[in-house]
Every structure is written in structure tokens, then in C-alpha cells.
Amino acid sequence: MSTLSFDEARHRWLAVGSTTPTERVSVFEADGRVLADDVVAPFPLPPFDYSAMDGYAVQTSTVPASLELPVEGTSAAGGALPAFRAGTACRIFTGAPLPDGADGVVMQEHVQASPDGKLVRLHEVPTPGQNVRRRGEDLAEGAVAVARGLRLRPGTLALAAALEHASLVCHRRPVVPVLSSGDELRGPGAPPRPGSVIESNGLFIAAAGRRAGAIVHLAPFVRDDLEATTLAATRALRSSDLVITVGGVSVGDRDLVRAALEAAGVEVLFHRIAIKPGRPLLAGVHPAGAAVLGLPGTPASASLTFLLFGVPMLRKLGGERAVLPPTRSVAVAGRAKSAEGRTDFLRGALASETGGASIFRIAPNQASGAVTSFAAAEALAIVPPGRIAVQDGDVLDVIRIDDIA
């Protein structure tokens, strides 16, 4: 199986996997879920003309030259709408409906009221629509208020609730087990033993996966044994949307994950891709429908490949319209060698230069085994496969990590 370019590998990968089924979710539980049906406005917003200020509602065409008007009636939010007579002023409060016949509001700071409040003198000639929010100004009846395929957030949830949606049809969260393999692994806080390594890749994957809307489970560590790895993979493939393995995908004697996945019925799509770090990435699909992503075991490689391949797949499975993060061109500060023939992803931080332009500062440690590299990284700079080095001032496409997960 030949080595694929980054773009071709990602294209093949995102062609597999099916969007999760839908379910109805309370608006109070829907934050972070992906909307499966458009939210359509059943009525206009605002539903009626209302005052944007405390003041006095008037019919502007009947205001006398003296700017003096008698005060008749009061309109308050939640109260009955008072009758209105041309040539008068109606006391009105913010959010209250505009009386029929009135077409403008003079704010109370621009009015002098008599001591008994029965007469007002305006300080200005009012104009139609002054300090009035019109019916349907925000949203017309029948308009799409929140489009399907969007991840819900506080603002869109509040809008849906304002349109009388107590529940929403959303995609089910993708279910993702994570299998980390290796005899050397132990969890943080577990008793140390000679040659052991504290496993942290799974924690990165779980946190990033949950931010992408998934339900992530960390499975027990899998020892370097083909039968044990096959059994763990078989179990993980049941009732899962995406299975993530970590480690054991290279070509060493103890790299057993590919053989175990194939024994469990997984069809391998590709096993090597031309990127740095993360070359020995494995992707596959199971006949029952689960997608499978085998990540390298080194920390930076595992984190990077999960962000570039795992998170977009989770967004696709979860029903999101936009699965790939945006890029922008940014000047680079620093120097780095690159692997010719491979797409290189440099970790670094974003800063602002004098004048407000952004700059990408290359992190000094780009080693694939560095746990520290993603702790401080804010962005990834993409070095195309034809480049062998990056110099100060070069302009590269950059992805903000917060735009991925």
C-alpha cells in the first residue's frame, strides 16, 4: 500500500462513516449538540412593535407646533394595550407594545412633564419610527432562525427557546472508545515500575473528542499480544461510531494493531501518509459501519493526527456542516527544517505585531515525542511538501487549534 499525500488521505478518510441518527433533546440539554432540523420562526421577532426606551408614544403627524400634549394611558410590558388618541402622548416603558395609532417614542430625558404628569412638552420634533423596534425586524415569520448542521451554543439555544422550541431534533453524539496499546503503559497515579510510561495520549484524545461533541471512553490498556489486541478491537467495534487506537501501528515486532484490526474484520484504507509528525497513521472501516483510526504512539504524533483526522470525522459523524477548520495566511517568526516530500505541521503560538498583524512563532521543540509541544501550542503552521526549510518572514497557512477542538 503506497504512501498517500495528506490531502488524498484526508479525502479518503472523510468519505467513510455515516452520520449518527437523530433524537429529540431538551433545549436545556442541547448545548454543544448538532442541530438536525432547521429551526423555523413560527412568528416574527419581535412579534409586535415595541418601545426601545422609557418615554412617551406619539403619533408624529399630529404633534402640535407647541410640542405640548396631554398624557393619556400607559403601556407597560405584560400589560393590556391602552387605547390611543391622536394628538396625545401615551406613557410607555421599554419593551412595551406600541399603542395602535402611535408611530414614534420620545425618550423621557427629552420631555418635560407637568408636576401632575398629565401634560408633557417635548424638547424635539419626533420622527416616525423613532425609538421603536418594528414587528419582524429581527426575524420574519417562516425564516430559518437556526440552520441544520450547526453546533448549538448559548445564543442559538436562546433564540430557539424564544421561538417556543422546548426541545430540538439533534444528532446523537458519536460514541468513541480509545484503545491504547503497549506493555509499558500505566495510568497517572498508578504504581511506577521499571520501564513504564505514563499514558497521556488518551486524555488528550478524550478531551478533544468531547469538545467535538463525542462520548469518549478510555478502554483498559491493551498489552502487546495479538490475541488480546484482536479481542479488545472486536469489543470496541461493537456499538461504536469511531474507534481510536493509540500506538502499535508502525512496523516493529510489537506493532500488532493492523493485524488485530484486520482479524476483527476491519478493511484498511491506508496505513502510511506523507505528513510529519504522524507518518504511520492507519485508517479503516468495519463492515458494521464503524470508522477506525490508528494513531501513532508518540505524543505529538498522536495529538496532531487526532486533531487533523479524528476531530473532522467526529464532526462529520455528528452531522456538522463544516468539518474542516479554516486556515489563514500568517507570517512566521523563527526557523525550522522540514521533511521534503511530506506535509509538515509546525506547532507554535500566535502573537500580534505592531499594527495588529498576526505572527506565528515556531515552538523550539518540534520532536514527535514531546508531550510539551501541544501544552503550549495555539496553532499549526502547514509547510507544503515541496519545502525543506522555513525562514523568518515566510508566509504559511495556519490553523488555530481552538478552531479544531
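Note that the structure is a prediction, hence the values are computed from the model and not measured. (Residues numbered from 1 in each chain as written. Predicted model: local features only at pLDDT ≥ 70, side-chain atom pairs only at ≥ 80, totals over all residues. Heavy atoms only, no water.)

Draft legend 1. Local environment of helix α2 (residues 154-162). Of the residues making up α2, those classed as buried are Thr156, Leu157 and Ala160. The arc that holds the buried residues of α2, viewed along the axis, is 100°, so those residues lie on one side. A positive backbone phi angle near 70° is found at Glu164, which sits one or two residues after α2. (Buried < 20%, exposed > 50% of the residue type's maximum accessible area, 1.4 Å probe, protein only. Helix = DSSP H or I, 4+ residues; strand = E, 2+ residues; numbered from the N terminus. Arc of directions from axis to C-beta.)

Draft legend 2. Quick look at the pairing of strand β5 (residues 68-75). Two elements, β5 and strand β9 (residues 119-122), share 3 bridges in a ladder whose sense is antiparallel. Residue pairing across strands places Leu69 opposite Val120, the latter belonging to β9. Strand direction decides the pairing type here: β5 and strand β6 (residues 89-92), joined by 3 bridges, are parallel. Note that in β6 the partner of Thr74 across the bridge is Arg91. (Pairing = 2+ DSSP bridges.)

Draft legend 3. A look at the side chain of Arg10. Positionally, Arg10 belongs in helix α1 (residues 6-14). Although Arg10 lies buried, it forms no salt bridge, and the closest oppositely charged side chain, Asp7, sits 4.3 Å away as judged by the N-O distance. Leaving out residues up to four positions away in the same chain, Arg10 has contacts with Leu308, Phe309 and Leu324. (Lys, Arg positive; Asp, Glu negative; His and termini not counted. Salt bridge = Lys/Arg side-chain N within 4 Å of Asp/Glu carboxyl O. Contact = heavy atoms within 4.5 Å.)

Draft legend 4. Structural detail: the sheet that holds strand β18 (residues 267-270). With mixed pairing, 6 strands are arranged side by side in an open sheet as β16-β13-β17-β21-β20-β18. Each of the sheet's edge strands pairs with one partner strand only, and the pair in question is β16 (215-218) and β18. Across the sheet, the mean angle from the axis of one strand to that of its neighbour is 25°, orientation sign disregarded. Where β18 and strand β20 (residues 282-285) come together, 3 bridges link them in antiparallel fashion. Bridge assignment links Phe270 to a residue of β20, and that residue is Ala283. The strands touched by α1 within the sheet are β17 (242-246), β18, β20 and β21 (291-295), with β18 carrying the most contacts at an inclination of about 145°. (Axes fitted to C-alpha atoms, helices over the stretch in contact; angles between N-to-C directions.)

Draft legend 5. Structural detail: the sheet that holds β9. Taken in spatial order, the 6 strands of this open sheet run β7-β4-β6-β5-β9-β8, and their pairing is mixed. The open sheet has two edge strands, β7 (104-107) and β8 (111-113), and neither has a second partner. Strand-to-strand, the axes of this sheet are offset by a mean angle of 40°, without reference to chain direction. By the bridge criterion, 4 bridges tie strand β4 (residues 55-58) to β7 in an arrangement that is antiparallel. Among the inter-strand pairings, Gly55 is bridged to a residue of β7, identified as Met107.

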